[in-house]
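Summary of structural features
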Amino acid sequence: MFSNRKDLYGPYSRIVSATPVLTEPSKISIEKASSTSIKTSWSKVSEASGYEVYRATIKTGTYTKVNTRNSGSSVSYTNISLGKGKTYFYKVRAYRIVNGKKIYSSYMAIVSSKL
């Protein structure tokens, strides 16, 4: 009875894509941990897989990644063996791994400390 049946299809739907958005860390604090070390702390981002910490010696200078926290629950970093009398600037961003790729938040506010 249905031997001559053919499947009929409608037009394809419109293709859309989206990039996941990750909240940036907030409530950053910085403190002198010793005469040659600085501890930076920030609030936890619930969706984060981890965090990247960047440092510069000039606020508007080039920032270098100094640490990657591979746990979303690790929300501090102590930078050791720093030069006395220098000022250091820090910023942090969260990341989340989606399909094997890192998706980043914006950088949080820059903080500084002088040793």
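First things first, this report covers the structure right here in the doc. Every value quoted in this text rests on a predicted model; they were computed, and no experiment measured them.

This brings us to the packing of aromatic side chains. Per the counting criterion, the structure on display carries three aromatic pairs. In this structure, Lys91 is placed above the aromatic ring of Tyr63, and the distance from its NZ or CZ to the ring centre is 4.3 Å. In this structure, Lys91 packs its charged tip against the face of Tyr107, placed 4.1 Å from the ring centre.

Let us look at the pattern of salt bridges. Going through the model one piece at a time under the given rule, you end up with three salt bridges. Across the pair Glu52 and Lys65 runs a salt bridge whose closest N-O atoms are separated by 3.5 Å. Taken together, the residues Glu52 in strand β3 (residues 50-56) and Lys65 in strand β4 (residues 64-69) connect sequence positions 13 residues apart. Lys65 gets classed as partly exposed once you look at its relative accessible area, which sits at 43%.

Strand pairing in a sheet relies on backbone hydrogen bonds. The paired strands run either parallel or antiparallel. Taken in spatial order, the three strands make up an open sheet running β1-β2-β5, and their pairing is antiparallel. With one partner strand each, in any of the chains shown, β1 (29-34) and β5 (76-79) form the two edges of the open sheet. Neighbour-to-neighbour, the strand axes of this sheet turn through a mean angle of 20°, independent of strand direction. Sheet topology note: the strand β2 (residues 37-41)/β5 ladder contains four bridges and is antiparallel. For Thr40, the partnering residue across the bridge sits in β5 and is Tyr77.

This brings us to unusual backbone geometry. Even without being a glycine, Ser81 presents a positive backbone phi close to 60°. Within the secondary structure layout, Ser81 lies in the loop between β5 and β6 (87-98). Even without a glycine there, the phi angle at Asn99 is positive, about 50°. Mapped onto the secondary structure, Asn99 falls in the loop between β6 and β7 (101-104).

Rules and cut-offs
Residues numbered from 1 in each chain as written. Predicted model: local features only at pLDDT ≥ 70, side-chain atom pairs only at ≥ 80, totals over all residues. Heavy atoms only, no water. Phe/Tyr/Trp six-rings, centres within 6.5 Å; stacked < 30°, edge-to-face > 60°. Lys NZ or Arg CZ within 6 Å of the ring centre and 35° of its normal. Salt bridge = Lys/Arg side-chain N within 4 Å of Asp/Glu carboxyl O. Helix = DSSP H or I, 4+ residues; strand = E, 2+ residues; numbered from the N terminus. Buried < 20%, exposed > 50% of the residue type's maximum accessible area, 1.4 Å probe, protein only. Pairing = 2+ DSSP bridges. Axes fitted to C-alpha atoms, helices over the stretch in contact; angles between N-to-C directions.

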